Amino acid sequence: MPPQEPSTASAPPPSTPAGAGAPPGGAAASQPAKPAARKGTAARAMSVAPLALAVLAQVGVIGHGGGTGATVASTSTQAAKCGTGIADYQACHDRYPTGCSAAGGYDGYLNSLKNELVDPAGDPQHVFHVPDLVELEKQVPAELTKINHETLKDQMGALGEGEVASLNGYLYYAKKGGAESSNCLLDGADDIDFHIGIGSDAGTGARAQAKSPGLSSAERSQAVIVEMTPHWRAKYEPGWNLAEVQKAVGRQVYVVGQLLADNEHDDAKDDCAYNGTGGPGPHCWRPTIWELHPVTRFLVCAAPSCQESGVGPGWTPLESFDPTKASPVAAPSPVAAPNAPGAASPGAPAGHR
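Everything numeric in this text was worked out from a predicted model, so none of it was measured. (Residues numbered from 1 in each chain as written. Predicted model: local features only at pLDDT ≥ 70, side-chain atom pairs only at ≥ 80, totals over all residues. Heavy atoms only, no water.)

A. Spatial organisation of the overall build of the protein chain. Each helix and strand in the protein chain was counted, giving eight helices and seven strands. Residue burial in the protein chain is summarised as follows: out of 353 residues, 55% are buried. Summed over all atoms, the accessible surface of the protein chain reaches about 13600 Å², with 55% contributed by carbon and sulfur. (Helix = DSSP H or I, 4+ residues; strand = E, 2+ residues; numbered from the N terminus. Buried < 20%, exposed > 50% of the residue type's maximum accessible area, 1.4 Å probe, protein only. Areas by Shrake-Rupley, 256 points an atom, 1.4 Å probe, with all protein chains shown as cover.)

B. Representation of the packing of aromatic side chains in the model. Applying the stated criterion to the full structure yields three aromatic pairs. Each member of the aromatic cluster is reached from another via a ring pair, and the members are Trp232, Tyr236 and Trp240. Looking at Arg220, its charged tip hangs above the ring of Tyr173, at a distance of 4.2 Å from the centre. Above the face of the Tyr236 ring, Lys235 is positioned so that its terminal group lies 5.5 Å from the ring centre. (Phe/Tyr/Trp six-rings, centres within 6.5 Å; stacked < 30°, edge-to-face > 60°. Lys NZ or Arg CZ within 6 Å of the ring centre and 35° of its normal.)

C. Inspection of the pairing of strand β4 (residues 224-228) at higher detail. With five of five residues buried, β4 is to be regarded as a mostly interior element. Here β4 shows a buried face lined by Val224, Val226 and Met228 and a second buried face lined by Ile225 and Glu227. In terms of strand pairing, strand β3 (residues 194-199) meets β4 through five bridges, oriented antiparallel. Bridge pairing in β4 places Ile198 opposite Val224. (Pairing = 2+ DSSP bridges.)

D. Up close: the nonpolar core. The biggest cluster of nonpolar side chains holds 58 residues, and the ones touching the most others in it are Leu167, Leu171, Ile196, Met228, Trp290 and Phe298. Sort the elements by how many residues they give to this core and strand β2 (residues 164-176) lands first, with eight residues. Core analysis: the next-biggest nonpolar cluster, separate from the first, contains eight residues, Ala91, Cys92, Tyr106 and Leu186 among them. (Core = buried A, V, L, I, M, F, W, Y, C linked by side-chain atoms within 4.5 Å.)

E. Up close: helix α5 (residues 202-210). Of the residues making up α5, those classed as buried are Ala202, Gly203, Thr204, Gly205 and Ala208. Those residues of α5 that are buried are in contact with β2 and α6 (217-220). (Contact = heavy atoms within 4.5 Å.)

F. Representation of unusual backbone geometry. In the segment running from Ser212 into Pro213, the intervening peptide bond is cis, with an omega of 5 degrees. Along the polypeptide, Pro213 turns up in the loop between α5 and α6. Following His293, the chain continues into Pro294 via a peptide bond in cis, with omega recorded as 0 degrees. Position of Pro294 among the secondary structure elements: in strand β6 (residues 290-301). Positive phi, normally seen in glycine, also occurs at Leu185, with a value near 65 degrees. Its location among the elements puts Leu185 in the loop between β2 and β3.

G. Main features of the state of the cysteines. The tally for this structure, following the rule as stated, stands at four disulfides. Here Cys82 engages in a disulfide with Cys100; their sulfurs sit 2.0 Å apart. Note on the Cys82 and Cys100 pair: the S-S dihedral is about 95 degrees, so by sign convention the disulfide is right-handed. Of this pair, Cys82 sits in the segment before α1 (89-95) while Cys100 sits in the loop between α1 and α2 (108-114), placing them 18 residues apart in sequence. In this structure Cys100 comes out as buried when scored by relative accessible area, which is 0%. (Disulfide = S-S within 2.5 Å.)

H. Here's a closer look at the confidence of the model for the protein chain. Per-residue confidence for the protein chain averages 80 on the pLDDT scale, and 73% of its residues sit at or above 70. Under a pLDDT of 50 for its full length, residues 1-74 has, in the predicted model, 209 contacts with residues more than four places off or in other chains. (pLDDT = per-residue confidence, 0-100.)

I. Fine view of the pattern of salt bridges. For the structure shown, the criterion picks out nine salt bridges. Linking Lys114 and Asp262 is a salt bridge whose minimum nitrogen-to-oxygen distance equals 3.2 Å. One end of the pair, Lys114, is in helix α2; the other, Asp262, is in the loop between β5 (252-261) and β6, with 148 residues separating them in the sequence. Residues Lys114 and Asp262 agree in their burial class; the two are buried. Each of the salt bridges in this network shares a partner with another, and the network as a whole consists of Lys114, Asp262 and Glu264. (Salt bridge = Lys/Arg side-chain N within 4 Å of Asp/Glu carboxyl O.)

Here it is, written out as structure tokens:
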């Protein structure tokens, strides 16, 4: 992901999932599990098998979180060098299960997770707010690097990676993802991920909606990244496009997708929760490496405010959301100005930079 510049009908909103409000480990969402030391070993002992990669199967499949589709056998998670004649996302994912790059030096297992065709009917197994995902990063194994995700898959699975999760917050921004190895370095509008920033503060969301002067880089850096992938969109939600997402900027949103730690960004340059030597850099642009990726459900609140469960009056599927018919967003309470990236923010979990 570059530095921040900064259909078919959707499945109906889920009933409140079992364990709603509880991130991995069973702790209440407002009270994340007590973190271990620097990216310590996962507290939850449940072992989760790696996701089956089903890009070539062209059938509805499930992620760890369940659902109704069939699962096919996993294919290679090796990185690959791009050949010629990759015309679009379909050619990319038919030929390269993990995508490809010029040098073939990316984390193939990470890309295999990103390229999952997760069942859109899967209900969330974990319920998050932005601070919960920041807190969860403290439990990522210290051994994680940019290229060794597969060797730690059991520990990451114990944290919930690969399972379906939800995130409630405010849409701060949505932008093109650019050319990435997971999509064979393609950069066409239909061949790229949408990078979507979800923050926790209604006031910041209101400023994002106003556009002028818009959000500062410090404010944008507080938004968790969720991503809509091209082949998932084409298969399940062809009505999703970047313009539709951008219409919802500033609104309360409810997002469902696969929980994934994007270790490509586990460094001081990108990650404002980085706990390695020296801590995060002054220009970090994301609060955590945890994402929902791919996104499988995206609801927009068309009322002044909506229930955080994603159920009830006001929640509208993205492709049906019309900002001209939506009620004004409820006036937020005044909040203090955000800190610069890399600085501790009020109310953030202990140890967050």
